[in-house]
Structures are given as structure tokens and as C-alpha cells.
Amino acid sequence: MDKTKISIILDLARESARENGDRVYIREKAGKDIRDKSFNDFYRDACRVCGFVNEVRGGGEPVHAAVIGPSSYAWIISYFGTVFAGNTAVPLDALLNTEGIVELLNRSDSSIFFYDARYEKLIPLLKQNCPGVVKYVCINRSAPAESPAESSAESPAGDLELTEILEKYAPNEPAPVSPDALAAISYTSGTTGKSKGVMLLNRNFIDNTMCCDNESDADGVVLSVLPIHHIYCFTCDILLTMRYGSQLCLNDSLMHIPQNLKLFQPTIKLVVPMIAKTIYKQIKAAAAAKPEIPAAAIAHAVFGGRLKLMYSGGAYLSPELQKAYNDMGIRLLQGYGMTECAPRIACKPIDCVGLLEDVGTLVSGCSVKIEDGEILVKSHSVMAGYYKDPEETEKSLTPDGWLRTGDLGYVDEENRLFLTGRKKNLIILSGGENVSPEELENKLDELDFVAEVMVYDDDVLCAEIFPNPDVCGIMPEEELVKQLKDAVAGINKTLPASKMMRRIRLRDAEFEKTTSKKLIRSQSVHGKAI
Amino acid sequence: MLDKMRSIICNYVDISPEDITEDSNLTDDLGLSSYDIMCVLGELEEEFGVIVDEAEIVDIHTIGEAMTYSKSLQG
């Protein structure tokens, strides 16, 4: 693909359709079958959705459209149809609870809500609480409504099915927009507990899509297993397959990765370290059961027979695991990035050998400087700021355009980036989920029998609690333990699975604090697990 | 069913099958990661010919709960 012709997301999709035509682009499971969509199908369907979004916009300012659901072709065309004509997509985490969906629909000023059928029961509540949303579009209904009469009785005016949109609107090519048009508001966890809306422009995505070369080709088959709302999945699975003309196979559930590896036989896969670790355990167990077969042969079979390359991002990848994969004949390459940088900052080159401790070589066009140990980056991928949050924007972006990563590290003479720690308190679980400890601590602090609490990563999320002696002084320990467990279970019920506190520790002394009474997070913790 | 569960779980953690009981907590006692648990449930789907609803996974914390859930799916 001629990079010089591509400056907006519409260009990328159009050129990709022109080059690859009716070749299969997206594959997804539909019951027991596989549904294939070509590059042309994708481009035309996204243009139809674009016609609908533009009609809602009605010639005024660009509109924002939120999209929620598991990975699907419908999700992808809803997103691209929004972005093509300069409107803004708001990808939401499929694990958000109702409260979180309401909050982000309102904070993002979304006018359209594209949702998977599993969220249907929430729609009446969203209509009451999200006055800005004027169109609700169900993108994936597995079974048709029983009868038209029933369907209209249950779907008040303003509700639509994506299939209706695809029938009603012609695939007219949208007019080009500015590379500075806001393409997405992507929400990320913040240290204050309030998620921040990262504003990414068309040119940010294009820069990040073009910042490395030779990562795939037209014979490449990618199995996409990461959450689709996540920037890493969006840029590195969806936009990169479009650039290279590779095939994109959608994984329907984390439960089915082993089956889908055999079904789709990918050549490339993007993972987070936790997934790489689990698959490695499966291979080790299979190798132990059949010692006569070499581990590399077992790995070859487990991965569907064609896998050569895995990219890992989102969390720390140990050198041991990289080595274990490399020994099995599969390149497991680490990268480093953040949502605010669309996301890639550093990547391991495909032909790299030796060193495993760095997180990759700086991608093309990305500059780094170190200030008080912190890594600052500057590139065309760096976000425009946080949506309606000038205070947080000012903290993250310097006046001359450097992005503060919050990570500590250094760059060597060969432009390889090394991380030495995190400046922020944000907990990054091994699955790549970001969890703000303050957000959970604030909830626990509201309980009268909790005097102090610190939430940290203890393989699982752990809440260590110092009970309030005024309230718990004469309480038998069994009673205290029961109350704490019940209270944490109650809070967990209101949280997405990734934020649930799976372990509670009880301590008999206050935490160490700074002179300004702030928790020292680096202190060693020693509470008893209950 | 417990024996089948034991043999599946032993593929993910280095633990003796006899140490896995119905009361074993999947994360705290067995040390399974959230993705390990998804894979275990995927294997149960294949083994028992059932379809697991992802929305209900958050309520499964112990071996016993996973067994009860699988049995309920088998009807």
C-alpha cells in the first residue's frame, strides 16, 4: 500500500478495498458455520452505516456514537461507518456495568448507541438516564423478533436494527475529512479513579498503523483475541490487517481460543502476557503427558499448525516466557505503548535476536526524552488530549507536545527502550486491565469498620484492611472476618470482573504514610489473608 | 465429574489431583488466573457438550460451583 496516499481512516479502508477487492477479510463464527466478509463487503457496509450516521448528524457538528459488544463484523462496521465522515466513535468496554455505561454515554456526549443484543434489557434504563442519545441501534441480534407486531411493541420509535440500516442506505463513498478530525474517544482508567476519554484523531491512527513495516502480508491470517474496544486490538489487529491485506479472524470468546486456533489456523496472533502464559501451561501439560513427542511439535499442533509470530503488549512479559516460546519455534515479541499514543511507542523488530529485557525499539517517527527518570514521548500518534478534561490533559501533555508516560526507564544507543518502574499507582494486571486502586479504596473507605485500606496487585487484586478499632475493638475476629467478606463481596457485585477484589488481607497496624498522610504504596505489606 | 475437573485443572497448575476438592477456590486455593478459568470452562463445554454463558462466569468461584453449574446446563 502506498503510504503517501493514506492520511485518514477512510483512505486506508478505501485503498485496502481497492487493492484486495473480493478476497476474504473478516471471518467470524455464526453458529456452527464461519461467515466470511470480503474487503469490498466491509468497505461498502461501513459506507452504508456512514450514511445513517450522517443522517443523524443532519449537516451540523460531527456526532459521537458509542459502540459496545464482543468482537464482531457488526461492531467493526459500526465503528468505521461512524469515523468515515468525520464523526467520532466511542468504543466501550463490554465488561462495563450499567452504571459505567450510563456514565460514559453521558460524558462522551454520544448521540448514537450501537449495542450488541445482550445489552437490550438495559435500553429502557439508558433511555431514562442518557438524554443525549437519540438513536439506539442493535447490531447483532442472533434470532429475529418473533413477529413484526411484537417487535414494534417492544421497540419504541428511535430504535433500529443494523440490518435495516444496511438495507436502507446506499454504499455512497463519503467525502474526505481532515486528518485532524476526531476519530475516537477511548476511555482509559485514571489514577484519580475517574476514567479519562483519550481523544485520538484520524492522523494519530494512521501514523501508528504506518510506524513499522513488514509485520504481515496478504498471506497473513490474524486471530484477534483481545477485547475489541481496546486500542491495541483496534490498531494492531484491525487497522494493520487492513493495511497489509491480511485476514482477520474474530475470536468469539476467551473460552474458545484453543478451538479457534485449530479452526482458523492463524499465522499471527496478538496477546497479553496472561494469555501467552496459559497457552504455555497447556503445551507443557500436553508435553508431559506425551514425552515421546517434542514440545515444539505439540506447540505447532496447539496453535493450529501455522502460527509463527505472536506479539505481546498491555503488560509486562517476562524474558523466561519469551525464551520458552522462542525455543518452541514461535517468535513471541514484546511491544510497549499506551492508549494516549494510539498505542505503539516501541516494538521488537521481527528479525530481532538476543536481548529480551527491552520492551522494543522506538517505532518510526517517535522521539523519547527522559525527565526526572520519566519517559516522555513525541510523535504524530500522540493524542489531542482528554475529552473535556483540561486539567488531566495539562498533567499529561507538555505545552510543546510531549506525552508523559508515567513510566520510568531509559533508551540505549540502539534506540531500544527499557522500563524500570511505573511512576503512576495504576495497577496493570497481567491480563492488561488497568485498575485504579484509589477507585476501589474509596468504596471500602465508606464502610465504618474500615479505618485504612490499600488495594494492590497480589497475583489477584487484594484489599488489605486495617479495621477501625473504635468499631471493631470488641468484635470477635470471626464476626469481623464475616462482615469484611460480606462487604467486599457486596462491592464486587457492582464491579466489572477485572476490578473484583479476590483476596482480602487483615492487618493489625496502620499503614506507613508520608508526612502529608498519603499511603506509601511501595511499603511491604504483610496482612493475614482471610 | 470431580475426577474430570481434577484432570483438567492439573493441566494449568502444578498440584496433586487429590488436593483439589469441591471446596477449592479457583483463584485463592488453586492459583488459576482469570484466563485459566476461561480455558477450564471451555474444556468443560467440550467435555460435557454444554454451552457456558459468559455472563454467569463471575458467580463461579469454587470447583463445587463449577460442577453445579455444568450439571445445571446438562439439565
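Conventions adopted
- Residue positions are given per chain, counted from 1 along the sequence in the order it is written.
- Here the convention is simple: chains get letters from A, ligands get numbers from 1, in the order in which they are written.
- In keeping with the model being predicted, local features are shown solely for residues with a pLDDT of at least 70 and side-chain atom pairs are shown and tallied solely at 80 or more, while totals for entire chains, interfaces and linings include all residues.
- Only heavy atoms go into the side-chain values, all of them from the structure, while hydrogens and water stay out.
- Whenever Lys or Arg places a side-chain nitrogen within 4 Å of a carboxyl oxygen from Asp or Glu, that contact is recorded as a salt bridge.
- Numbered from the N terminus, helices here are DSSP runs of H or I no shorter than four residues, and strands are runs of E no shorter than two.
- For every residue, the accessible area (1.4 Å probe, protein chains only) is compared with the maximum for its type, and the residue is labelled buried under 20%, exposed over 50%, or partly exposed between those bounds.
- An automatic or database domain assignment is the source of the domain bounds shown.
- Should any heavy atoms of two residues lie within 4.5 Å, those residues are considered in contact.
- We define buried area as the total accessible area lost by two parts upon association, computed with a 1.4 Å probe and summed across both.
- Residues adjacent in sequence count toward polar contacts only when both atoms are side-chain atoms; beyond that, a polar contact is any pair of N or O atoms within 3.5 Å, and within protein one must be able to donate a hydrogen and the other to accept it.
- Ten residues, namely Ala, Val, Leu, Ile, Met, Phe, Trp, Tyr, Cys and Pro, are considered nonpolar, four, namely Asp, Glu, Lys and Arg, are considered charged, and the remaining ones, Gly among them, are considered polar.
- Residues enter a nonpolar core if they are buried and are Ala, Val, Leu, Ile, Met, Phe, Trp, Tyr or Cys, with the set joined through side-chain atoms within 4.5 Å.
- The arc in question is traced by the directions running from the helix axis to the C-beta atoms.
- The predictor's confidence in any single residue is recorded as pLDDT, a number from 0 to 100.
- His is not counted, nor are the chain ends, whereas Lys and Arg count as positive and Asp and Glu as negative.

**Q** What am I meant to see in the pattern of salt bridges here?
**A** All names here are of chain A. For the structure shown, the criterion picks out 34 salt bridges over all chains. Between Asp-486 and Lys-482 there is a salt bridge, with the nearest N and O atoms lying 2.9 Å from each other. Of the two residues, Asp-486 and Lys-482 both sit in helix α17 (residues 477–493), four residues apart, roughly one turn of that helix. Residue classification places Asp-486 among the partly exposed positions, given a relative accessible area of 46%. Through salt bridges that share partners, Asp-11, Arg-14, Glu-15 and Arg-18 make up one connected network.

**Q** Can you walk me through the domain arrangement of chain A in this structure?
**A** Where interface size is quoted, it is often the accessible area lost as the parts come together. Domain annotation of chain A identifies domain 1 (3–20 + 38–177), domain 2 (208–426) and domain 3 (436–529). For domain 1 of chain A and domain 3 of chain A, the distance between their C-alpha centroids amounts to 41 Å.

**Q** How should the interface of chain A and chain B be read in this particular structure?
**A** Every contact between the two is made by 19 residues of chain A and, on the other side, 19 residues of chain B. Carbon and sulfur atoms supply 57% of the area buried between chain A and chain B, which totals about 1,700 Å² over both sides. On the chain A side of the contact with chain B, A:Met255, A:Lys281 and A:Arg502 bury the most area, a combined 35% of that side's loss. Put simply, chain A and chain B have one salt bridge between them. A salt bridge links B:Asp36 to A:Lys281; its shortest N-O distance comes to 2.7 Å. Joining chain A to chain B, the criterion identifies four residue pairs in polar contact (both at pLDDT 80 or more). Only α10 (257–264) and α11 (273–289) of chain A provide two or more residues apiece to the side of chain A that touches chain B. With seven residues, the top contributor of residues to the side of chain A that touches chain B is α11(A). Split into classes, the residues belonging to the side of chain A that touches chain B amount to 10 nonpolar, five polar and four charged.

**Q** When you look at the nonpolar core in this model, what are you seeing that I'm missing?
**A** Soluble globular proteins tend to bury their nonpolar side chains together. Residue and element names in this part refer to chain A. In this structure, Phe-80 and Phe-114 are the most contacted members of the largest nonpolar core, which totals 140 residues. At 10 residues, the largest contribution of residues to this core is made by helix α9 (residues 231–244). Residues from two domains meet in this core; each of domain 1 (3–20 + 38–177) and domain 2 (208–426) gives at least three. In contact with Phe-114, other than residues within four places in its own chain, are Val-49, Phe-52, Val-53, Ala-65, Ala-66, Val-67, Ile-68, Ser-78, Thr-82, Val-137, Ile-139 and Leu-162. Counting 25 residues, the second largest nonpolar core, distinct from the first, contains Leu-429, Val-455, Leu-484 and Met-500.

**Q** When you look at α10(A) in this model, what are you seeing that I'm missing?
**A** Since the α-helix advances by 3.6 residues per turn, residues separated by three or four positions end up pointing in the same direction. Residues and elements named next belong to chain A. Among the residues making up α10, those that are buried are Ile-257, Asn-260, Leu-261 and Phe-264. Take α10 and look down its axis: the buried residues cluster within an arc of 110 degrees, on one side only. Just past α10, the residue Gln-265 takes up positive phi, approximately 45 degrees.

**Q** What am I meant to see in the environment of A:Ala46 here?
**A** Residues and elements named next belong to chain A. By secondary structure assignment, the location of Ala-46 is in helix α2 (residues 39–57). Classification of Ala-46 by relative accessible area gives buried; the value is 0%. Along the sequence, Ala-46 and Leu-10 sit 36 residues apart, while their C-alpha atoms lie 9.8 Å from each other.

**Q** Would you explain the confidence of the model for chain B in this entry?
**A** Should pLDDT be low for a region, the predicted coordinates there are not to be read in detail. Within chain B, residue pLDDT values average 86, and 100% of them lie at 70 or more. Within chain B, helix α2 (residues 34–48) of chain B has the poorest average pLDDT of any element, 85, and helix α1 (residues 2–9) of chain B the best, 90.

**Q** I keep staring at the side chain of B:Glu45 and nothing clicks. Help me out?
**A** Here B:Glu45 lies in helix α2. Of the side chains with opposite charge, A:Lys29 lies nearest to the buried B:Glu45, which makes no salt bridge, at 7.6 Å. Look past the residues within four positions of B:Glu45 in its chain and what remains in contact with it is A:Met255, A:His256, B:Val50, B:Ile51 and B:Val52.

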